[in-house]
Amino acid sequence: MALYELTSGKDFVKLGDKVFSKYEEVPKHPFSFNYWLDKHVPEYCVKLWEDKDEVKPRVLNKKLHENFGSKITLRFNAALYNTFIKANFPREIYFAISRAGRRWNTFSPNMVQTAIRNKHLIDQAIKDRTINLIPLMLEFEEDPQQLRKRFGKGLWKQLAHTSKTRMKHLAPLLKESTELISMRTGILPLVSSYYMHSMEIKGCLLTAAKIAPRIKDFDSTVDIVRDTMRMAERAGVEVNHNWSYRRWSEEHDRLSWDVARKGYSEKKFAEDCVFTQGDYTFTLLTSQADIAAEGMQMRHCVASYALCASKGTYAVFKIDGKERATLGLNITPTLEVVNLKPNRVLHASLQQCYGPRNQPISSELRDTLPDIVRMYNDTLRLRNGWAATASKESPCAVVDNEW
């Protein structure tokens, strides 16, 4: 049985000897019990600050269980939900004070405190049937007349017709820039997470949101714009935020190439070699700079194989066409009898093949790889004056080791 019981009534929640009669009294982070229980429930004490290295999460959870019963964090938030949120607000405005998820487990304490402080604004919005504006009113803690003065007549007209779902994600972002109102609804939650976790990339978010081909491409588009801007600044090149997605990608690839050239040798260590198989073109990369540029463009670490490739123990192919990917082959010497004499023969085998950011390739592309390996093995043999092999057996299976 728990040492300190959790009880709740119509307008209070009691935990141990501490009674919460208003939501404003609830700590901002009610889930982090061990950081404030000592203050609010004096009988409960955990030596959290005396020896942080010795206190493990399991120890703290065990103490919580012993003193307050199982799942106390969830039960406490549920009590707050049932007592304060239901008592103060009608169901139709729950969307404005909740996070992503379901029911009481997802309500934001900070937003609920703000809502209770501004309950008169919510009541007025319900009366005027403008509940779509509630997230914006709570974010700025202003009524519609004040908001109209803040944003101006033109922008306010757009906001007034914004849906409640879109407004929930848009309202916090409008503090940063009113330009963000032009973003697609599906991208707004992604932008919110970037604003919360990284100050560095705020300047390129709007551009990425405008040019991303699809919502699922937004993250990669942010990286393209950010990296292009950074490389352009170092190279003293100006960028145009009105460029299309294609132009940003081209500039990213060009600048990546320039950066790669400075750190890796441009000297060719192999002859050119190009294969075409179905809808794909396989181009052998013949310098360390080429391999490094491929790694930067594809955002994986194939550049770490540049030295091996220059020594002839590895081969890297750039794959274009229906799908963009990078192919890596191991090159190993084997002994083979040629014209009744043992000779050292180089043999290629599949090692790995990945798309951008080490994404898996399609089964269609994967099925072409054994043929490409056979063709490259035949090329190696012919360049050494030996007959091409007639074997059609699969040379090897792809090893799924990420770059």
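Described below are features of the structure shown in this document. (Residues numbered from 1 in each chain as written. Predicted model: local features only at pLDDT ≥ 70, side-chain atom pairs only at ≥ 80, totals over all residues. Heavy atoms only, no water.)

Notes on the sheet that holds strand β2 (residues 13-15)
For the record, the criterion: For two strands to pair, DSSP has to find at least two bridges joining them. Numbering of helices and strands starts at the N terminus; helices are DSSP runs of H or I of at least 4 residues and strands are runs of E of at least 2. To get an axis, fit a line to the C-alpha atoms, keeping to the stretch in contact for a helix; angles then go from 0 to 180 degrees between the N-to-C directions. We call two residues contacting when some pair of their heavy atoms lies within 4.5 Å.
Reading across from one edge, β1-β2-β3 is the order of the 3 strands in this open sheet, with antiparallel pairing throughout. Both outer strands of the open sheet, β1 (6-8) and β3 (18-20), are each paired with one neighbouring strand and no more. Adjacent strand axes in the sheet meet at a mean angle of 15° when their direction is disregarded. When β2 meets β3, the two strands line up antiparallel, connected through 3 bridges. If you follow K14 over to β3, its bridge partner there is V19. Across the sheet, helix α3 (residues 72-88) touches β1, β2 and β3, and the angle it forms with β2 is around 155°.

With respect to α3
Rules: Each residue after the first adds 1.5 Å to the expected span of a helix. Bend is the name given here to the angle between axes fitted to two runs of seven residues, the run ending at a residue and the run starting at it. The rule is simple: take the accessible area with a 1.4 Å probe, protein chains only, and divide by the maximum for that residue type; under 20% is buried, over 50% is exposed, in between is partly exposed.
Under the 1.5 Å per step criterion, the end-to-end length of α3 is 24 Å for 17 residues, consistent within 8% with the ideal 24 Å. Roughly 30° is the biggest bend found in α3, and it falls at Y81. Buried within α3 are the following residues: I72, F76, N77, A78, A79, L80, Y81, T83, F84 and I85.

A word on the nonpolar core
Just so we agree on the cut-off: Side-chain atoms within 4.5 Å link the members of a nonpolar core, which is a set of buried Ala, Val, Leu, Ile, Met, Phe, Trp, Tyr and Cys residues.
The biggest cluster of nonpolar side chains holds 48 residues, and the ones touching the most others in it are F89, L136, F151, L159, L174, M183 and F218. Sorting elements by how many residues they give to this core places helix α11 (residues 202-211) first, with 6 residues. Core analysis: the next-biggest nonpolar cluster, separate from the first, contains 22 residues, A315, A348, V373 and Y376 among them.

Some points on the environment of K164
Positionally, K164 belongs in helix α9 (residues 164-173). Taking the C-alpha atoms as reference points, K164 and T130, separated by 34 residues in sequence, lie 9.2 Å from one another. Those residues in contact with K164 that lie beyond four places of it in its chain are E92, F95 and N132.

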